[in-house]
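# Working through the structure, step by step
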Amino acid sequence: MLRIRFTAADFARVTLAPRPAPLQELNAALATMCRPDGDLLYGRWRRRALRALPPAAAPFADLVPAGRAPGFLDVVADGLPQALEQVRTAPTAFVRAELRRVYEPVDAPAPPWVRDLARGDADARNLLDRAQRAAFETLLAPVWDQVRDLHRTEFVRRAVQSAEHGTAALLAGLLPGARLRGEVWELPGAAPREVHLAGRGLLLLPSFHWYGPAQVADLPHGPVVLTYPAGTGLLPSPDGATGPRALAAVIGTTRADLLHLLAGDREHTTTDLARRLGVSAATVSAHTAALRAAALITTERAGKAVLHRRTALGALLAGG
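Residues numbered from 1 in each chain as written. Predicted model: local features only at pLDDT ≥ 70, side-chain atom pairs only at ≥ 80, totals over all residues. Heavy atoms only, no water.

Ordered in space as β3-β4-β1-β5, the four strands form an open sheet in which the pairing is mixed. At either end of the open sheet lies a strand with only one pairing partner, and these are β3 (179–181) and β5 (193–196). In this sheet, neighbouring strand axes are inclined to one another by 20° on average, regardless of whether the strands run parallel or antiparallel. Of the pairings in the sheet, the one linking strand β1 (residues 2–5) to β5 comprises four bridges and is parallel in character. By the bridge assignment, I4 is partnered in β5 with V195. (Pairing = 2+ DSSP bridges. Helix = DSSP H or I, 4+ residues; strand = E, 2+ residues; numbered from the N terminus. Axes fitted to C-alpha atoms, helices over the stretch in contact; angles between N-to-C directions.)

Structure (structure tokens):
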């Protein structure tokens, strides 16, 4: 069982990743592709992915000799260029230590390019960069719009849950069997491990290509990152649900339409929203109260009128 120990400060530093992380989602896709226990659900996807992966992606196999990936691949930047640059510029000492850790259980020498990578060789880092780009373009680029839509839906779901019930309820309800016992968050299914946040905070990152136990990235700098499975059990596909439909499935059609009406810098009165949505002013007031409580809109009075405006968070969730 995974146990994550909080301090009082850490409870105030639990955050939700606002956008998906390309390289972390790529790590999840590669890990799912290599899991032997998912053939019933993912066998066809795995065979198709293995056939499609170009030779340039082959170096990935050398980085997981015992099924464990080195920590310098755990990058949560939400832009692919920035994420690739973080891997490319990872401190050599950190890269060397992580490669040593993953090769310890293996009774075989590392390939020459991996040994060069541990020494900080530029050509070896370029080789890894090409492998990550090739794998992303093959596995994730065709479904990345779908991943973004799924992430937005999960984000609004958890943001509303946290706003209405607090951080403790968010943590306890994140995964089946999760329990918060005082200052210790317990997550079943993962390998036995205890992680001390020690004031660094916790970043929650959903994945839609991973359906195993939650994964922890305890890196030298920044918050501890918990990547957790958030999909439906089926891998994303380019013809899956779109953003507006996915958002409506979580917060309701009327509230989703209301958020879209407040696009950009536009603001509307309660009466105007009621007319545009085809509902009563009382219904709009109830919906705006719920959206305001979740910090998705702001409301202010201008004379006799009540004006509603979308917040940055509301714009993010609505795809703005």
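Our next topic: the packing of aromatic side chains. One pass over the structure, following the stated rule, counts two aromatic pairs. Ring centres 4.6 Å apart and planes at 15° place the aromatic pair F6 and F11 in the stacked group. By relative accessible area, F6 is classed as buried at 2%. For F11, a relative accessible area of 23% gives the class partly exposed. With 5.4 Å between their ring centres and 65° between their planes, F136 and W144 make a pair best called edge-to-face. W144 carries the same exposure label as F136, and that label is buried. (Phe/Tyr/Trp six-rings, centres within 6.5 Å; stacked < 30°, edge-to-face > 60°. Buried < 20%, exposed > 50% of the residue type's maximum accessible area, 1.4 Å probe, protein only.)

This part takes up the environment of L30. Within the element layout of this structure, L30 appears in helix α2 (residues 22–34). The sequence separation of L30 and V279 amounts to 249 residues, and the corresponding C-alpha distance is 47 Å. In contact with L30, other than residues within four places in its own chain, are F60 and L139. (Contact = heavy atoms within 4.5 Å.)

So, about the sheet that holds strand β8 (residues 224–229). Ordered by their spatial adjacency, four strands build an open sheet running β2-β6-β8-β7, and the pairing between neighbours is mixed. In this open sheet, the two edge strands, each paired with only one partner strand, are β2 (14–16) and β7 (215–217). With direction set aside, neighbouring strand axes in the sheet form an average angle of 25°. When strand β6 (residues 202–207) meets β8, the two strands line up parallel, connected through six bridges. The residue bridging L203 from the neighbouring strand is V225, located in β8.

As a further point, take the packing of helix α12 (residues 253–261) against helix α13 (residues 270–277). Between α12 and α13, the least distance of the axes is 11 Å, while the angle of their chain directions is 120°. Relative to α13, the element α12 lies oblique. With respect to the hand of their crossing, α12 and α13 are arranged in right-handed fashion. From α12, T254, D257, L258 and L261 reach across to α13, where they touch L273, R276 and L277. Looking at the contact of α12 with α13, its residues break down into four nonpolar, one polar and two charged. (Parallel < 35°, antiparallel > 145°, perpendicular 65-115°, else oblique. Left-handed = near helix turned anticlockwise from the far one by under 90°. Nonpolar A, V, L, I, M, F, W, Y, C, P; charged D, E, K, R; others polar.)

Turning our attention to α12. Every α-helix carries 3.6 residues per turn, so stepping three or four residues along brings you back to the same face. Every buried residue of α12 is listed here: A256, L258 and L259. Down the axis of α12, the smallest arc covering the buried residues is 160°, so these residues share one side. (Arc of directions from axis to C-beta.)

To continue, consider a positive patch on the surface. Taken together, the side chains of R44, R47, R48 and R51 define a basic patch exposed on the protein surface. Following the sequence through the fold, R48 ends up in helix α3 (residues 39–52). (Patch = residues over 30% accessible without salt bridge, like charges linked within 9 Å, V, L, I, M, F, W, Y side chains within 5 Å. Areas by Shrake-Rupley, 256 points an atom, 1.4 Å probe, with all protein chains shown as cover. Salt bridge = Lys/Arg side-chain N within 4 Å of Asp/Glu carboxyl O. Lys, Arg positive; Asp, Glu negative; His and termini not counted. Charge placed at Lys NZ, Arg CZ, Asp CG, Glu CD.)

This part takes up the pairing of β1. Covered by surrounding structure in β1 are L2 and I4 only, the residues R3 and R5 on the alternate face being uncovered. In this structure, β1 lies alongside strand β4 (residues 184–187), joined through four bridges in antiparallel fashion. What sits directly across from R3, in β4, is E186.

By themselves, these figures tell us nothing about what the structure is for.
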